[in-house]
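Structural overview for review
Single-letter residue listing:
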Amino acid sequence: MNAFEEGLVRYLNGDQLKKIQSLKIGIGDAGGLGSNVAVILTRSGFKHFEIVDQDVIDASNLNRQQYFADEIGAVKVETLKKRLLQINPEVEVLVHHVKWTPETGTAYFHSCPFIIEAFDQAQWKFQFVQYYQNKTKWIISGNGMARLLEKKPMNLRKVGNVYIVGDHSTDSTQGHPPMAPRVTACAAMMAEVVLDLALGIKIN
Amino acid sequence: MKITINGQEKEFTSSVNLKKVIEQFCKDSQHVIAEVNGTIIKSQVWPEKNLSNGDTVELVNFVGGG
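Summarised in this report is the structure supplied together with it. (Residues numbered from 1 in each chain as written. Chains lettered and ligands numbered in written order. Predicted model: local features only at pLDDT ≥ 70, side-chain atom pairs only at ≥ 80, totals over all residues. Heavy atoms only, no water.)

Let's shift gears to the overall build of chain A. Helices and strands together make up the secondary structure of chain A, namely six helices and seven strands. N-terminal to C-terminal, the α/β element order of chain A is α-α-β-α-β-α-β-β-α-β-β-β-α. Against the globule reference of 17 Å for 204 residues, chain A gives a C-alpha radius of gyration of 16 Å, in line with a compact fold. Residues counted as buried form 56% of the 204 residues belonging to chain A. Partitioning the intrachain contacts of chain A with sequence separation of at least 6 by distance along the chain shows that 65% fall at a separation of at least 24. When the accessible surface of chain A is totalled, it reaches about 9000 Å², and 53% of it is carbon and sulfur. (Helix = DSSP H or I, 4+ residues; strand = E, 2+ residues; numbered from the N terminus. Rg over C-alpha atoms; globule rule 2.2 N^0.38 Å. Buried < 20%, exposed > 50% of the residue type's maximum accessible area, 1.4 Å probe, protein only. Contact = heavy atoms within 4.5 Å. Areas by Shrake-Rupley, 256 points an atom, 1.4 Å probe, with all protein chains shown as cover.)

Moving on to the pairing of strand 1 (residues 2–5) of chain B. All names here are of chain B. Side chains Ile3 and Ile5 project from strand 1 onto a buried face, and the interleaved Lys2 and Thr4 project onto a face without burial. Across four bridges, strand 1 lies against strand 2 (residues 8–11) in antiparallel orientation. Among the inter-strand pairings, isoleucine 3 is bridged to a residue of strand 2, identified as lysine 10. Remark: two residues form the turn of the hairpin made by strand 1 and strand 2, two consecutive strands paired antiparallel; asparagine 6 in that turn has positive phi of roughly 50°. Examined bridge by bridge, strand 1 and strand 7 (residues 56–61) share two bridges and lie parallel to one another. The residue of strand 7 that forms the bridge with threonine 4 is threonine 56. (Pairing = 2+ DSSP bridges.)

Residue and element names in this part refer to chain B. Relative to the helices and strands, methionine 1 resides in the segment before strand 1. Between the alpha carbons of methionine 1 and glycine 54 there is a distance of 7.5 Å; along the sequence they are 53 residues apart. Ignoring any residue separated from it by four or fewer positions in sequence, one finds methionine 1 in contact with Lys10, Glu11, Phe12, Ser14, Ser15, Val16, Leu51, Ser52 and Asn53.

Okay, helix 6 (residues 180–199) of chain A next. Residue and element names in this part refer to chain A. The end-to-end C-alpha distance of helix 6 is 28 Å, a good match for the 28 Å that 20 residues give at a rise of 1.5 Å each. When helix 6 is considered as a whole, its buried residues turn out to be Arg182, Val183, Cys186, Ala187, Met190, Ala191, Val193, Val194, Asp196, Leu197 and Ala198. Of the residues flanking the end of helix 6, it is glycine 200, one or two places downstream, whose phi is positive at about 70°. (Expected span 1.5 Å × (residues − 1).)

All names here are of chain B. With mixed pairing, the five strands of this open sheet are ordered in space as 2-1-7-4-5. What marks the edges here is a single partner per strand, and that holds for strand 2 and strand 5 (39–41). Strand-to-strand twist of the sheet, defined as the mean angle between neighbouring strand axes without regard to direction, takes the value 30°. (Axes fitted to C-alpha atoms, helices over the stretch in contact; angles between N-to-C directions.)

Before going further, it helps to spend a moment on a nonpolar patch on the surface. Together, Leu148(A), Leu149(A) and Met179(A) give the surface a local cluster of nonpolar side chains, amounting to about 310 Å² of exposed area. Tracing the sequence through the fold places Leu148(A) in the loop between strand 5 (138–142) and strand 6 (155–159). (Patch = residues over 30% accessible without salt bridge, like charges linked within 9 Å, V, L, I, M, F, W, Y side chains within 5 Å. Salt bridge = Lys/Arg side-chain N within 4 Å of Asp/Glu carboxyl O.)

What follows covers the interface of chain B and chain A. With 21 residues of chain B at the interface, the matching set in chain A holds 32 residues. The contact between chain B and chain A buries some 2000 Å² in all, and 59% of this surface belongs to carbon and sulfur atoms. Taken together, the links from chain B to chain A amount to one salt bridge. For Arg157(A), the salt bridge goes to Glu58(B), with nearest N and O atoms at 2.7 Å. Of all the elements in the fold, those that place two or more residues in the side of chain B that touches chain A are strand 4 (32–36) and strand 7 of chain B. Here the side of chain B that touches chain A is composed, by residue class, of eight nonpolar, 10 polar and three charged. (Buried area = accessible area lost by both parts, 1.4 Å probe. Nonpolar A, V, L, I, M, F, W, Y, C, P; charged D, E, K, R; others polar.)

All names here are of chain A. If you walk across this open sheet you meet the seven strands as 3-2-1-4-5-7-6, and the pairing is mixed. Each edge of the open sheet carries a strand with a single partner, namely strand 3 (92–96) and strand 6. Sheet twist, expressed as the mean angle between neighbouring strand axes with direction ignored, is 20°. Relative to strand 7 (residues 162–166), strand 6 is paired through five bridges, and the arrangement is antiparallel. Bridge pairing in strand 7 places lysine 158 opposite tyrosine 163. Sheet strands in contact with helix 5 (residues 122–132) are strand 1 (24–28), strand 4 (114–117), strand 5 and strand 7, and its direction is about 165° off that of strand 4.

Take a look at the structure:
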């Protein structure tokens, strides 16, 4: 047990940590939702991840994503892997620096009971969820978390085996900026769903 | 015929399929995920999925942001 895990067992019992550490998390896209969910789940004890993202870090990502100014231009998945290893040096992260498409979907997320949908465009969110919904146990998705004015409350909805967090209506492509407070809040709610399901905690 | 859509009971005077309901209740049906009585119904079969009295439908329309 490393120092991180020694700290974590002050809050979780051995059985809980063992359960969490046995589960692999798949993440589609390593932007505002994906990078924050990955960091929160690593801090919660999860140590097996598979992450797919095609991007490099842009200055416009720094307002909400888990990257720093001196990392602009670096590959997101490689940088996120480094970030997770900074939290838990024994975390195992399989990364793919590619664009996810339904045509290549079968190559990823084998043996992942949890798959996180963290894309930023509606068409990819829809395609990703539709593709994996009958290939995994649970999908956790973020939907509508970009707004400065006239904010709508975010909630959790369940459709089949898909848990969807957000206000379900605010579209970032319609002039609503994705800012850190709501994007991070949405990611935290998504991570909480994963933790609850992993530990068998009833979700209301 | 009464169908519960996203938690609200709606009255329909004639038979209706899932595609018609989605067109009526979603601004844009392109990125909608639909569940009927707990089961996700893929978009390809919405027109053939006839709804019955007492059915529960959940619809989520994906929007951009992340």
